[in-house]
Amino acid sequence: QVFSCNRCFERSSMHALVEQFNLRPGDLNGFLQLFFDNLATVLILAVSLHQVLRGFSNVDLINAEEAFPAQMKPFRDTVSELIYKKSISGLAMTMVFGNVYYAYMGARLGVQEDRKGAVTALPYGVNTPAAFAFLFSIIGPATASAAGPCYGMAPVTEANVEEYAQCWIAAAEQGWSAGVVANFLAGLLSVGMGFFGKKIIEVSPVTALLTALSGISFAFLGLAQVGTAFAEPIVGMMPLFIVFALYFGEVGTGSFPKSLVVFIVGVILGWADGVSTGDAVSDSTDVVKAWGVSTGVSALSDWSSAPDYMGTIIPVSVAAVCGSLMNAMSAGRAGDSYSVVEVAVADGFGTMVGAFFGTPFGTSVYIGHPAYKKMDAGIVYSIVNCALFFIFGIFGVFALIAAIVPQQAVAPLILFVGMMSFAGTFSTVPTRHYPAVGVGLMPSLADWALTNGVNYSSVGNSTYYGFVALQSGGGAILSSITLTAICVHTIDRNYIHGAAWCVVAAVFSAFGLLHQEEVSTKGFTEPQSGYCAFRTGATSCPERYTECISFGTLTCAPQSSVASRFMAGYLMLAVFLAFLHLAQLREYVPGVLPDGVEPTKNHDTGMVKAAEKMAGEAAVGVEGCTTLYSTDAGVSSNTDTGTVGEARPDAIEL
């Protein structure tokens, strides 16, 4: 009887899970949104990986391919296999794992809370910041290092062209292998750190975590997409503002999906205006074939490259875990309370799965769960997304889709996700934290600018080095969390917690987790290469600059960029906040602001009284003036007596 009851319970539990997979009105919108979001990233990664594995389009290599196309064909075939048979198909496998698992998590949550399919699954896809970090900080350098002997073979002749091709094949495979090993390690570290997710949430202000997420939303999902739209105004402006009308203006389209309206309009305008062409479609068909599924076992058998790139792997892992936690928190505030620990661990494990199947690119929960919630998407959209992604991945269809669909048709849908996350932050955090949010957005803006080619020459002054500092180390995410947390605790007058964050930032800075290119003590007293940007025609660097080599060229880096100076700056700030804390204990400074309370006259009586006294003293003896200050300025006038009245405390803003 007990065994029979257990079997009944299992059947009822499975039935309850299956019931959660109801097709909801927003599932088609959610699928299109997530699919094209991933599509945009995959297309850019494929193009970038093609350039990186070819030595950033090395001139000698290009000349050799033009002069000896038949002899260089094995190299071209190897690059195509590394991209489509290994990297993209590996992504397809981890997309299946992640989307299916998060659909299961959503169904399980629906059963636990008796939601009957009203739960929205967490969106899942390529970890874009980590992917580009690995591309340009690991795969690129590893390929260039392995290609050292190839550079010495130029100019290529018929006598050495086959040896030259084999040299570049080995270099490309080495670059890919280094990326796969780094990706596996990043996933492993993320799994380990994921178990401490709750503790990270406890010690990090909610405003700091949400702001870091909003920074990426504003810069990469916002500014970049608006720029894409206005680059082709005929094609891009109409889909952009259709999104605002349909999603934010809540104009209905009946049973027709809103995202499909945006997509169709963009495709029609793209072809009509010549942005999409038949030649591009014809060229893209070369890679459309059954690539199948491969593995990264050959890469994972050699870990010799791992120590060289731990400086990139560690901060990427930290940023990935923080991103997972922030997205899980964002989902909870939208009404779906997922376990932050499970989400962080699942993301790390999914990245390891991808590395096993040969991709150097990690995956994670995507930004924008509240946007999918607003669409009324459920769980099914996640399953459909991974199924189509898998088919497109193993058959190389992504290049064909890129040729058919202009970027202007996809960009507004990505923008919607970003703006929902951005708006959600401001609707959640207290008004008094808005200045902290503003500061926290700046690392992502700096990251976007530098990623898109802003350099010392374009900035023209030392401000450029500040942008590099905000971007480097654990990336914009870690910089944003740290700066926002310090600002939030300072605003809240929780000085001891602010000082603690400063100490943590000082330790991170000392070891390169903040404001440096790599985790290392090498940059403690000497500038790292990321700051080597200032070029001078003189034989030596100016005062307060140090000589350094960047891409074989003598350049100069500011001495202020060394890790020890950032550490000292944070420690000085920690002492200042500790001093304010001591003054607070002696009641010279007002107490900590409780949650939900803005700094008004009721909580700043000492400062308000001081302001009243100053305003009163300024008004003494001033007579015969009909109006000295307008009432809007906080000082009322007495036109009958011709004297200035006292300052109104309720009008004084601090």
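These figures come from a predicted structure and were not determined experimentally.

Trainee: I'd like to hear about the overall build of the chain, residue by residue, with values.
Mentor: Along the backbone of the chain there are 26 helices and six strands. Counted over contacts in the chain with a minimum sequence separation of 6, partners at least 24 positions apart contribute 78%.

Trainee: Provide a residue-level description of the confidence of the model for the chain, including the pertinent values.
Mentor: Of the residues in the chain, 85% reach a pLDDT of 70 or more, and the chain-wide mean stands at 81. Note on residues 1–5: pLDDT under 50 across the span, and zero contacts to partners over four residues away in sequence or across chains. Within the model, the stretch residues 617–654 combines pLDDT values under 50 with 40 contacts to residues more than four positions away or in other chains.

Trainee: Any chance you could break down the side chain of glutamine 20 for me, citing the residues and the numbers?
Mentor: Checked against the element boundaries, glutamine 20 lands in the loop between α1 (2–19) and α2 (27–52). Owing to a relative accessible area of 5%, glutamine 20 belongs among the buried residues under this scheme. Every residue in contact with glutamine 20, bar those within four places of it in the chain, is listed here: Ala107, Gly110, Val111, Arg115, Lys116, Gly117 and Ile379.

Trainee: Please provide a residue-by-residue account of the state of the cysteines, values included.
Mentor: The tally for this structure, following the rule as stated, stands at one disulfide. Residue pairing for cysteine 150: its cysteine sulfur links by disulfide to cysteine 167, the two sulfurs lying 2.0 Å apart. Between cysteine 150 and cysteine 167 the disulfide shows an S-S torsion of about -100°. By sign, it is left-handed. Placement of the pair is cysteine 150 in helix α6 (residues 148–151) and cysteine 167 in helix α7 (residues 161–194), with a sequence separation of 17 residues. Exposure remark for cysteine 150: the relative accessible area of 1% places this residue in the buried category. Residue classification places cysteine 167 among the buried positions, given a relative accessible area of 12%. Here cysteine 487 stays free of any disulfide, with the sulfur of cysteine 502 as its closest cysteine sulfur at 9.5 Å. Residue cysteine 487 is classed as partly exposed on the basis of its relative accessible area, which comes to 23%.

Trainee: Go over the pattern of salt bridges, please, and point to the residues and values.
Mentor: In total, this model carries nine salt bridges according to the counting rule given. For aspartate 336, the salt bridge identified is with arginine 115, shortest N-O distance 2.6 Å. Taken together, the positions of aspartate 336 in the loop between α14 (310–333) and α15 (340–356) and arginine 115 in the loop between α4 (69–112) and β1 (124–126) put the pair 221 residues apart, joining distant regions of the chain. Aspartate 336 sits in the buried class, given a relative accessible area of 0%. Through salt bridges that share partners, Glu113, Arg115, Asp336 and Lys373 make up one connected network.

Trainee: Can you break down the side chain of serine 364 residue by residue, with the values?
Mentor: With respect to the helices and strands, the residue serine 364 is situated in strand β2 (residues 363–365). Apart from the residues lying within four places of it in its own chain, the contact partners of serine 364 are Pro123, Tyr124, Gly125, Asn127 and Asp347.

Trainee: Just give me the short version of the environment of glycine 270, but keep the residues and values in it.
Mentor: Positionally, glycine 270 belongs in helix α11 (residues 258–272). On the basis of relative accessible area, glycine 270 is assigned to the buried category, the value being 0%. Through-space distance from the C-alpha of glycine 270 to that of isoleucine 234 is 8.4 Å; in sequence the pair is 36 residues apart. With sequence-adjacent residues up to four places away left out, glycine 270 is seen in contact with Val235, Val275, Ser276 and Pro406.

Trainee: Explain the packing of aromatic side chains to me, and be specific about the residues and the numbers.
Mentor: This model, assessed by the stated rule, comprises 25 aromatic pairs. Seen from their ring centres, phenylalanine 31 and phenylalanine 35 are 5.8 Å apart, and the 35° between their planes marks the pair as tilted. Highlighted residues: phenylalanine 31 and phenylalanine 35, both in helix α2, separated by four residues, approximately one helical turn. The exposure class of phenylalanine 35 is buried, given its relative accessible area of 3%. A centroid spacing of 6.4 Å and a plane angle of 25° characterise the contact between phenylalanine 35 and phenylalanine 398, whose relative ring orientation is stacked. Note that phenylalanine 35 is positioned in helix α2 and phenylalanine 398 in helix α18 (residues 398–404), a separation of 363 residues in sequence. The pair phenylalanine 35 / phenylalanine 398 is uniform in exposure class, with both members buried.

Trainee: So what's going on with the nonpolar core? Residues and values would help.
Mentor: Counting residues in each nonpolar core, the largest one holds 146 residues, and the members touching the most others are Tyr164, Phe398 and Ile481. It is α7 that contributes the most residues to this core, 17 residues altogether. With near-sequence residues (within four places) excluded, isoleucine 481 lies in contact with Ala208, Leu209, Ala212, Cys322, Met326 and Trp501.

Trainee: Account for the environment of glutamine 408, with residues named and values stated.
Mentor: Among the structural elements, glutamine 408 can be located in helix α19 (residues 407–428). C-alpha of glutamine 408 to C-alpha of threonine 228: the two residues are 180 residues apart in sequence and 6.3 Å apart in space. Among residues more than four places away in sequence, those in contact with glutamine 408 are Thr228, Ala229, Glu232, Val235, Gly236, Pro239 and Val275. Of note is the side chain of glutamine 408, whose polar atom sits 3.1 Å from the backbone oxygen of threonine 228.

Trainee: Give a detailed account of unusual backbone geometry, specifying residues and quantitative values.
Mentor: Positive phi, normally seen in glycine, also occurs at glutamate 250, with a value near 55°. Inspection of the secondary structure puts glutamate 250 in the loop between α10 (233–248) and α11. Judged by relative accessible area, glutamate 250 falls into the exposed class, the value being 56%. Look at aspartate 376: it is not a glycine, yet its phi comes out positive at around 70°. With respect to the secondary-structure elements, aspartate 376 resides in the loop between α16 (369–374) and α17 (380–395). Owing to a relative accessible area of 28%, aspartate 376 belongs among the partly exposed residues under this scheme.

Trainee: Could you give an account of the packing of α2 against α11, with specific residues and numbers?
Mentor: At their nearest, the axes of α2 and α11 sit 7 Å apart, and the two run at 45° to each other. For the element pair α2 / α11, the angle class is oblique. Contact with α2, carried on its side by Leu28, Asn29, Leu32 and Phe36, involves Lys258, Ser259, Leu260 and Phe263 of α11 and no other residues of that element. For the contact of α2 with α11, a count of residues per class yields five nonpolar, two polar and one charged.

Cut-offs used in this document
Residues numbered from 1 in each chain as written. Predicted model: local features only at pLDDT ≥ 70, side-chain atom pairs only at ≥ 80, totals over all residues. Heavy atoms only, no water. Helix = DSSP H or I, 4+ residues; strand = E, 2+ residues; numbered from the N terminus. Contact = heavy atoms within 4.5 Å. pLDDT = per-residue confidence, 0-100. Buried < 20%, exposed > 50% of the residue type's maximum accessible area, 1.4 Å probe, protein only. Disulfide = S-S within 2.5 Å. Salt bridge = Lys/Arg side-chain N within 4 Å of Asp/Glu carboxyl O. Phe/Tyr/Trp six-rings, centres within 6.5 Å; stacked < 30°, edge-to-face > 60°. Core = buried A, V, L, I, M, F, W, Y, C linked by side-chain atoms within 4.5 Å. Polar contact = N/O pair within 3.5 Å; in protein donor to acceptor, adjacent residues only side chain to side chain. Axes fitted to C-alpha atoms, helices over the stretch in contact; angles between N-to-C directions. Parallel < 35°, antiparallel > 145°, perpendicular 65-115°, else oblique. Nonpolar A, V, L, I, M, F, W, Y, C, P; charged D, E, K, R; others polar.

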